[in-house]
Amino acid sequence: NESVAAANKGKSKVAVVRGVPDSFANALAMEKPASPVNLERAREQHAAYVQILRGLVQEVIEIPADNQYPDCPFIEDTAIVIGNQALITRPGAVSRQGEEVEVHHALAKMGLKICEVQPPGLIDGGDVLYASGLLFAGKSRRTNDDGILALTNAFPEIGVHPIKVAKGLHLKSALTCIAPRTLAVEDNEDPQAMFEELQKMTAQHFKSFQVSVAGAANTLWVGDTLLISSTLAGDLEPHFKQFAGEVVPVDISEFHKADGGLTCLSLIFEL
Ligand code: CIR
């Protein structure tokens, strides 16, 4: 979106992250992981992820963990920020409702314009893809029509395309943007159907890069750098290289155990 791009000119990139609570082993997971979450390793991996972000953005803001919310490191789900507007979500999982309160405070302090999702709306940021000026929202087990309506009202100048997420957790579990008009798409039936739906709505606006490993299409594109999961997408590093100046494999295996990917662990925007 050109008006958003113009408004962002001269601004600096900020990442907001949230620490790993002692309760992290109780984070939600669709399937019980093969080995239990190792809290110490999760904290090391989180610190390494934050360190990488420090090299890619001007400022990293860390919100302390809250033991009451085992899933709180997955901060992406609690807000959608575009330009100077933030939509504070109502997370779709009941155990996660309340995580957004501290994020609301932090974003308000930064001077962002804030609006909130009202009940019965539910939306997780993991279902929101902002790619090449277009906004897509997964209609998933976590995000409902009222949540998508709240997103539409928060960003009226952009307009939102809803996409059905039948199987996975979130829209961005299956596809993410890796370069201008280019999406990494998991090579499975459901993600392929989502990509086709997306193409229909946008008159073939996007190219796709097919990713064969489950979860490996969740990448994080910051500036000219693409973060990929070292454990899921490490073998694909040479292929990803055609899209970005630099590809950085990051080990977040402990977060994968709780269905988390690279996008989930931060909110990144221009301020
Ligand atoms: C959850 O089930 O909500 C967390 N265990 C994982 C959230 C992952 N977030 C994301 O993909 N944006």
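The structure this text deals with has already been given above.
Residues numbered from 1 in each chain as written. Predicted model: local features only at pLDDT ≥ 70, side-chain atom pairs only at ≥ 80, totals over all residues. Heavy atoms only, no water.

Caption draft 1: Molecular detail of the packing of aromatic side chains. Within this structure, the stated rule accounts for 6 aromatic pairs. With a centroid separation of 5.0 Å and 65 degrees between ring planes, the pair formed by Phe209 and Phe240 is classed as edge-to-face. Taken as a pair, Phe209 in strand E11 (residues 207-211) and Phe240 in helix H8 (residues 237-240) lie far apart in primary sequence, 31 residues in all. As far as the burial class goes, Phe209 and Phe240 line up, both buried. Members of the aromatic cluster, joined through ring pairs, are Phe24, Phe74 and Phe255. (Phe/Tyr/Trp six-rings, centres within 6.5 Å; stacked < 30°, edge-to-face > 60°. Helix = DSSP H or I, 4+ residues; strand = E, 2+ residues; numbered from the N terminus. Buried < 20%, exposed > 50% of the residue type's maximum accessible area, 1.4 Å probe, protein only.)

Caption draft 2: Focus on unusual backbone geometry. Each neighbour pair has its own omega, and for Pro119 with Pro120 the value is 5 degrees, a cis peptide bond. Mapped onto the elements, Pro120 comes out in the loop between strand E5 (113-116) and strand E6 (128-131). Phi angles above zero are rare outside glycine, and Ser132 is one such case at about 50 degrees. Among the secondary structure elements, Ser132 is positioned in the loop between E6 and strand E7 (134-139).

Caption draft 3: View of the site of the ligand. Near the ligand there are 14 residues, and of these Asp71, Glu76, Arg142, Ala258 and Cys264 occur at the shortest range. Contacts to the ligand include Glu76, whose side-chain N or O atom sits 2.6 Å from a nitrogen atom. In the model, an oxygen atom of the ligand is placed 2.7 Å from a nitrogen or oxygen of the Arg142 side chain. Starting from 350 Å² of accessible surface for the ligand in isolation, the protein chains cover 99%. (Near = heavy atom within 4 Å. Polar contact = N/O pair within 3.5 Å; in protein donor to acceptor, adjacent residues only side chain to side chain. Areas by Shrake-Rupley, 256 points an atom, 1.4 Å probe, with all protein chains shown as cover.)

Caption draft 4: Quick look at helix H2 (residues 39-54). Relative to the 22 Å expected for 16 residues at 1.5 Å per residue, H2 spans 22 Å between its end C-alpha atoms, a close match to the ideal helical length. Within H2, the full set of buried residues consists of Ala42, Gln45, His46, Tyr49, Val50 and Leu53. When H2 is viewed along its axis, its buried side chains cluster within an angular range of 140 degrees and face the same direction. Exposed side chains of H2 directed beyond 90 degrees from the buried face belong to Glu40 and Gln51. Put simply, Asn38 is the residue that caps the front of H2, since its side-chain oxygen is 3.1 Å from the backbone nitrogen of Glu40. (Expected span 1.5 Å × (residues − 1). Arc of directions from axis to C-beta.)

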